[in-house]
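The chain contents come next:
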Amino acid sequence: MSEENLQPVFQIQRVYLKDMSLEQPNSPAIFLEQEAPSIEVALDVGAEPLAEGIFESTVTITVTAKVNDKVAFLVEGKQAGIFEARNIPADQLDPLLGIGCPNIVYPYLRANIADVITRAGFPPVHLAEINFEVFYQQRLQAVAEAAAAAPAADGTTTH
């Protein structure tokens, strides 16, 4: 096999909006409220193989705005990308899918969410930048802690 065929390859195949939903359960009355809404943001990242060397990476954001415990709006968006990643060392592939790909996809999602909120009649919510490396490390730590706690949870111990 020639060395050219073993060169690492990373390419964006496509970036697309996979899912977007908007709920305004208290409209139009909520528009009469004078108080500024409180905003909660939840984030999730995922990746899965589609074919040999082809992966889908997703970033999901849920934005919930409340005024006096009433939901003004709830927006959930899932932005995805299809990436080609070949000949990437195994120890680098997971961070690439968990950090690099979300960094590419997230700006599209930020714009789509701000647009939907504006079209819903509310001032846009400009989501902050996200350090996906820190988010990735926190997820790894949570998985490690869950794995360490699992044997104790069923009452068995290993010696």
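Conventions used here
- Residues numbered from 1 in each chain as written.
- Predicted model: local features only at pLDDT ≥ 70, side-chain atom pairs only at ≥ 80, totals over all residues.
- Heavy atoms only, no water.
- UniProt positions renumbered as here; feature names shortened; annotations may be inferred.
- Phe/Tyr/Trp six-rings, centres within 6.5 Å; stacked < 30°, edge-to-face > 60°.
- Helix = DSSP H or I, 4+ residues; strand = E, 2+ residues; numbered from the N terminus.
- Buried < 20%, exposed > 50% of the residue type's maximum accessible area, 1.4 Å probe, protein only.
- Pairing = 2+ DSSP bridges.
- Axes fitted to C-alpha atoms, helices over the stretch in contact; angles between N-to-C directions.

For the protein, an unreviewed UniProt entry supplies the name Protein-export protein SecB and the organism Duganella zoogloeoides. Under Function (unreviewed entry), UniProt gives the following word-for-word description of the protein: "One of the proteins required for the normal export of preproteins out of the cell cytoplasm. It is a molecular chaperone that binds to a subset of precursor proteins, maintaining them in a translocation-competent state. It also specifically binds to its receptor SecA." Word for word, the UniProt comment on the protein under Subunit (unreviewed entry) is "Homotetramer, a dimer of dimers. One homotetramer interacts with 1 SecA dimer."

Summed over all chains, the structure comprises four aromatic pairs. The interplanar angle of 5° and the centroid separation of 5.6 Å between the aromatic rings of phenylalanine 10 and phenylalanine 83 together place this pair among those described as stacked. One end of the pair, phenylalanine 10, is in strand S1 (residues 9-23); the other, phenylalanine 83, is in strand S4 (residues 70-86), with 73 residues separating them in the sequence. Under the relative-accessibility criterion, phenylalanine 10 is labelled partly exposed at 33%. Among the aromatic residues, those joined into a cluster by ring pairs are Phe31, Phe73 and Phe122.

What the four strands build is an open sheet, ordered S1-S4-S3-S2; its pairing is antiparallel. One side of each edge strand has no neighbouring strand; the edge strands of this open sheet are S1 and strand S2 (38-51). Across the sheet, the mean angle from the axis of one strand to that of its neighbour is 15°, orientation sign disregarded. Taken together, the 13 bridges between S1 and S4 define a ladder with antiparallel strand orientation.

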